[in-house]
Amino acid sequence: MTATTSIWLAVGLTAAGCYLLKLGGLLVPAQVLERPLVQRLAALLPVALLAALIAQQTFSAGGALTVDARAAGLGAAAVALLLRAPFLVVVAVAVAVTAGVRALGG
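Residues numbered from 1 in each chain as written. Predicted model: local features only at pLDDT ≥ 70, side-chain atom pairs only at ≥ 80, totals over all residues. Heavy atoms only, no water.

## Looking at the layout of surface pockets
No. 1: Taken as a whole, the largest pocket encloses approximately 280 Å³ of empty space.
No. 2: Around the largest pocket, the lining comprises 14 residues; the ones closest to its centre are I54, T58, L74, A77 and A94.
No. 3: For the lining of the largest pocket, the secondary-structure elements that each account for two or more residues are α3 (36-59), α4 (69-82) and α5 (87-103).
No. 4: Per-element accounting of the lining of the largest pocket gives the leading share, six residues, to α4.
No. 5: In the lining of the largest pocket, the residues fall into nine nonpolar, four polar and one charged. (1 Å grid on protein atoms, 1.4 Å probe; cavity = no way out; pocket = protein on both sides within 12 Å on 5 of 7 lines; lining within 4 Å. Points joined across faces, edges and corners; volume = space filled by probe spheres on them. Helix = DSSP H or I, 4+ residues; strand = E, 2+ residues; numbered from the N terminus. Nonpolar A, V, L, I, M, F, W, Y, C, P; charged D, E, K, R; others polar.)

## Topic: the packing of α4 against α5
No. 1: In contact at an axis separation of 8 Å, α4 and α5 are set at 150° when each is read in the N-to-C sense. Relative to α5, the element α4 is oriented roughly antiparallel. In this structure, α4 crosses over α5, and the sense of that crossing is right-handed. Residues A69, R70, A72, G73, A76, A77, A80 and L81 of α4 lie in contact with α5, whose contacting residues are V90, V93, A94, V97, T98, V101 and R102.
No. 2: Taken together, the residues of the contact of α4 with α5 sort by class into 11 nonpolar, two polar and two charged. (Axes fitted to C-alpha atoms, helices over the stretch in contact; angles between N-to-C directions. Parallel < 35°, antiparallel > 145°, perpendicular 65-115°, else oblique. Left-handed = near helix turned anticlockwise from the far one by under 90°. Contact = heavy atoms within 4.5 Å.)

## Quick look at the confidence of the model for the chain
No. 1: Of the residues in the chain, 99% have a pLDDT of 70 or more, and the chain-wide mean is 94.
No. 2: Within the chain, no element has a lower average pLDDT than strand β1 (residues 60-61), which sits at 89, and none a higher one than α5, at 97. (pLDDT = per-residue confidence, 0-100.)

## A word on a nonpolar patch on the surface
No. 1: Together, Y19, L20, L23 and L27 line one region of the surface with nonpolar side chains, adding up to about 450 Å² of accessible area.
No. 2: Secondary-structure assignment places L20 in helix α1 (residues 3-26). (Patch = residues over 30% accessible without salt bridge, like charges linked within 9 Å, V, L, I, M, F, W, Y side chains within 5 Å. Areas by Shrake-Rupley, 256 points an atom, 1.4 Å probe, with all protein chains shown as cover. Salt bridge = Lys/Arg side-chain N within 4 Å of Asp/Glu carboxyl O.)

Structure (structure tokens):
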């Protein structure tokens, strides 16, 4: 099997898996989806996934745990959020702090 064939096979299997997952979600009975526990989990799941993605992107480099300028930017963004800054200000603060720490050699 060539590399190109392997890639297309992976793409096809991923597409089929996504389709089947979506189909499985549509087949869940309505009374299951109306349960309070399911609704709470559905509301919290995107937040948990986003937090995990942010943590992985911030503290990982080449598969190893790393604390660098990105962590400082994340900390600055957290402070800006605690001060109830608008989203664009939060992003700008994170970018500025990360760039500043990198410029200082961090």
